[in-house]
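# Close look at the chain arrangement
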Amino acid sequence: MNELRGTGMLLAANLLRDKILVPLCVIAFASAAASSAAATAGVYPEERSRLQGVELINSTPALVAMYGRIYDPGSPAAVAVFKLVGMGTALAALFAALMVIRHTRADEELGRYELLASGSIGRFASLAAALLVATIGAVAIGLVTTAGLVATDLATAGSVAFGLSWVVAGFAFAAVGAVAAQLTTSARAARGLAVGTLAVAYLLRAVGDANGKVEPGWPTWLSPIGWAQQIRPYAGDRWLVGLLPLVFGVALIGVALVLIRHRDVGSGLLPQRRGAARASAMLSGPLGLAWRLQRAALLGWLAAFVLMSVVLAQILTRIGDLFGSPAARQLIIAMGGVDEVTQAFLAVELSFVAVFASAYGISATLRLSGEESAARTDLVLSNPVGRVRWAGSHLVIALGGTAMLMLACGLALGLVQLTKTGDAGTFGSNLLAAVVRIPAVWVLVGVTAALYGLARRVGPVAWVVLVATFLTSEIGPLVDLPRGVRDLSPFTYVPNLPGGEVTAGPLLALLAVATVLIAAGLWAVRHRDLAVS
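Residues numbered from 1 in each chain as written. Predicted model: local features only at pLDDT ≥ 70, side-chain atom pairs only at ≥ 80, totals over all residues. Heavy atoms only, no water.

### Section: the overall build of the protein chain
Tallying secondary structure elements over the protein chain gives 25 helices and zero strands in all. Summarising the internal contacts of the protein chain: among those between residues at least 6 apart in sequence, 76% fall at separations of at least 24. (Helix = DSSP H or I, 4+ residues; strand = E, 2+ residues; numbered from the N terminus. Contact = heavy atoms within 4.5 Å.)

### Examining the environment of Glu 108
Tracing the chain through its elements places Glu 108 in helix 7 (residues 105–109). Taking the C-alpha atoms as reference points, Glu 108 and Ser 186, 78 residues apart in sequence, are found 8.6 Å from one another.

### A word on the nonpolar core
Val 81, Phe 173 and Trp 390 are the most contacted members of the largest nonpolar core, which has 134 residues in total. Excluding residues that lie within four positions of it along the chain, Phe 173 makes contacts with Ala 93, Ala 97, Thr 197, Leu 198, Ala 201, Pro 224 and Ile 225. (Core = buried A, V, L, I, M, F, W, Y, C linked by side-chain atoms within 4.5 Å. Buried < 20%, exposed > 50% of the residue type's maximum accessible area, 1.4 Å probe, protein only.)

### A short note on the environment of Gly 401
Here Gly 401 is to be found in helix 20 (residues 387–421). Taking relative accessible area as the criterion, Gly 401 reaches 2% and is therefore assigned buried. Note: C-alpha distance between Gly 401 and Gly 361 (40 residues apart in sequence) is 7.2 Å. In this view, Gly 401 contacts Leu 298, Tyr 360 and Val 396; residues no more than four positions away in its chain are not counted.

### Notes on helix 11 (residues 187–211)
Here helix 11 is 25 residues long and its end C-alpha atoms lie 36 Å apart, about the 36 Å a rise of 1.5 Å per residue gives. Every buried residue of helix 11 is listed here: Ala 187, Ala 190, Ala 194, Leu 198, Ala 201, Tyr 202, Arg 205, Ala 206, Gly 208 and Asp 209. Near the N-terminus of helix 11, the side chain that reaches the backbone nitrogen of Ala 189, with its oxygen 3.1 Å away, is that of Ser 186. (Expected span 1.5 Å × (residues − 1). Polar contact = N/O pair within 3.5 Å; in protein donor to acceptor, adjacent residues only side chain to side chain.)

### Quick word on unusual backbone geometry
Outside of glycine, negative phi angles account for most residues, and trans bonds account for most peptide bonds. You will see that Asp 153, though not glycine, has its phi angle at about 75°, which is positive. With respect to the secondary-structure elements, Asp 153 resides in the loop between helix 9 (125–151) and helix 10 (156–183). With a relative accessible area of 72%, Asp 153 lands in the exposed category. Residue Arg 232 is not a glycine yet carries a positive backbone phi of 55°. On the secondary structure map, Arg 232 appears in the loop between helix 12 (224–229) and helix 13 (243–260). The buried category is assigned to Arg 232, whose relative accessible area is 8%.

### Side note on the packing of helix 6 (residues 82–103) against helix 11
Packing of helix 6 against helix 11 brings their axes to within 10 Å, and their N-to-C directions diverge by 155°. Taken together, the axes of helix 6 and helix 11 lie roughly antiparallel to each other. In this structure, helix 6 crosses over helix 11, and the sense of that crossing is right-handed. Across the interface between the two elements, Gly 86, Met 87, Ala 90, Ala 93, Leu 94, Ala 97, Leu 98 and Ile 101 from helix 6 touch Ala 187, Ala 190, Arg 191, Ala 194, Val 195, Leu 198 and Tyr 202 from helix 11. Class assignment for the residues of the contact of helix 6 with helix 11 results in 13 nonpolar, one polar and one charged. (Axes fitted to C-alpha atoms, helices over the stretch in contact; angles between N-to-C directions. Parallel < 35°, antiparallel > 145°, perpendicular 65-115°, else oblique. Left-handed = near helix turned anticlockwise from the far one by under 90°. Nonpolar A, V, L, I, M, F, W, Y, C, P; charged D, E, K, R; others polar.)

### Quick word on the confidence of the model for the protein chain
In regions of low pLDDT, the predicted coordinates are not meant to be interpreted in detail. When pLDDT is averaged along the protein chain, the result is 82, and 85% of the positions lie at 70 or above. Here helix 16 (residues 326–334) is the element of the protein chain with the lowest mean pLDDT, 50, and helix 13 is the one with the highest, 94. Within the model, pLDDT remains below 50 along residues 334–339, and this stretch shows 21 contacts once partners closer than five positions in the same chain are excluded. (pLDDT = per-residue confidence, 0-100.)

### Side note on the packing of aromatic side chains
Within the structure shown, the criterion is met by six aromatic pairs. A ring pair is formed by Trp 227 and Phe 248, whose centres lie 5.6 Å apart and whose planes are at 75°; its orientation type is edge-to-face. Linking Trp 227 in helix 12 with Phe 248 in helix 13, this pair joins segments that are 21 residues apart in sequence. Site record: aromatic cluster; members linked through ring pairs are Phe 29, Phe 95, Phe 162 and Trp 166. For the cation-ring pair, Arg 232 lies above Tyr 71, with the distance from its terminal atom to the ring centre recorded as 3.7 Å. Just above the ring of Tyr 452 sits the side chain of Arg 528; from NZ or CZ to the centre is 4.9 Å. (Phe/Tyr/Trp six-rings, centres within 6.5 Å; stacked < 30°, edge-to-face > 60°. Lys NZ or Arg CZ within 6 Å of the ring centre and 35° of its normal.)

### Overview of the pattern of salt bridges
A full pass over the atoms with the stated rule returns nine salt bridges. With its nearest N and O atoms 2.9 Å apart, the salt bridge here joins Asp 107 to Arg 17. Of this pair, Asp 107 sits in helix 7 while Arg 17 sits in helix 1 (residues 7–17), and the two are 90 residues apart along the sequence. Linked by salt bridges that have partners in common, Arg 367, Glu 371 and Arg 376 make up one network. (Salt bridge = Lys/Arg side-chain N within 4 Å of Asp/Glu carboxyl O.)

### Things to note about the side chain of Arg 367
Assignment of secondary structure puts Arg 367 in helix 18 (residues 367–373). Judged by its relative accessible area of 17%, Arg 367 is buried. A polar side-chain atom of Arg 367 sits 3.4 Å from the main-chain carbonyl oxygen of Leu 293. Once residues within four sequence positions are removed from consideration, Arg 367 is found in contact with Arg 188, Leu 293, Gln 294, Arg 376 and His 394.

### A word on the packing of helix 6 against helix 10
For the pair helix 6 and helix 10, the least separation of the axes is 7 Å and the interaxial angle reads 35°. Every pair of crossing elements has a handedness; the one defined by helix 6 and helix 10 is right-handed. Listed contacts from helix 10 to Leu 84, Val 85, Gly 88, Thr 89, Ala 92, Ala 93, Ala 96, Ala 97, Val 100 and Ile 101 of helix 6 are Phe 162, Ser 165, Trp 166, Ala 169, Gly 170, Phe 173, Ala 174, Gly 177 and Ala 178. Across the contact of helix 6 with helix 10, the residue classes tally to 14 nonpolar, five polar and no charged.

### Concerning helix 25 (residues 504–527)
Over its 24 residues, helix 25 extends 35 Å from the first C-alpha to the last, a length consistent with the 34 Å expected when each residue adds 1.5 Å. Three or more residues of helix 25 are buried, namely Leu 507, Leu 510, Ala 514, Ile 518, Gly 521, Leu 522, Ala 524 and Val 525.

### A word on the environment of Gly 163
Along the polypeptide, Gly 163 turns up in helix 10. Distance from Gly 163 to Thr 145, taken between C-alpha atoms, is 6.1 Å for residues 18 residues apart in sequence. Leaving out residues up to four positions away in the same chain, Gly 163 has contacts with Gly 142 and Thr 146.

Quick look at the structure:
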């Protein structure tokens, strides 16, 4: 038991650090699930139209691969939450893995754990406290989400099963994060390993579901995401399947505990690749350094965007049949599309893509905060490099990277549809529809820069802003939020493309707002003190 000495103290400290982050994540997950379920519950008001819709979904491999199969066509609730069961489970798993890495490898990399270890805490205390924080967060997400689904008049048992699927997936990937933290020497590498594992798990689930007929194929049963999804909320509520990710998580925690005993503090078990003997000319300036630090993440995001766009293009070929009911068309148009159902669906999906691109932009901008907290900024600024030039280099990567992601999405969509339809006009309209969303994404990059400029610890509030803009612009029309509230989101001013008209005024206004916010952030960075810890 001496190995766990101090766990309670570290748990309290971690919860105090996350007193804002965890509740906001819980609210974001629960509100997204409840509002989405409430909005889509009426898409197929008649049983006949619902059965037709489910048949089309289950017979479209791209949809099944992305979201999973609907196992009970007669259950309106199963239809209402089918998107959330797959994507939501993966996001809950990602949340838990990153929370564990944040409180283990990241603290160790910054030297905080070494200070704690010099006191009276056990060898396993830090990992145990981190796992408890992640588990508490996952359970809170599951409970509040369950309550939200019940409040939308969905069946209680199915809602509990739905919440359980998110909880067990979170627990399994909290354990993945624990192992990743022992194998690597940096938090960035640990996050990359955890995200890579999650991607493999999701891909296995996608392949198994898409290749299966009534039941999923064998690859699904190799994936913790697949196990969580096979609980099948509102479609049988198979509670015992939830034991699989729990057993998997316990086994990996045991592996993590063994690994802790075989490494030194500050080191990882995987060998680090040696760098070149001499730095390239690119590293002679802050922009080259920023690119070197962020290129792996950007390339990973770029690959994910291209894959997502190809899948979306495949879905578009059958979207007219999928959303054939008047209620479904009305839902898509209410969420920001135009009259033609294919164009309306694409406009809505591109809005979600823009939110994902904004997430990358926020993450890339907040790399400034990580560099500052690790005191690496001091080394850069000890050379003839000004603060504005240093911060601006990372902002260039954030702005250029988000533009690259949206451009890649438009190109991939256009090329796939061009090969299927031979219509060059479709290629141009899809590309333009993606590009016009870039100014709104840049506004959120500017918000992040301004918040970081105020203080390093204020920067992560940008994630709250992202969730708020998503809820107000995408979910707001479905739940009748006041127009004044929806106007606070930059995505409200994006032209409804494809199918709508392009007006330069709103786009120029968004660019002006982004410019002012970035300038304010750079001015604040130049005039404030740098963090000392």
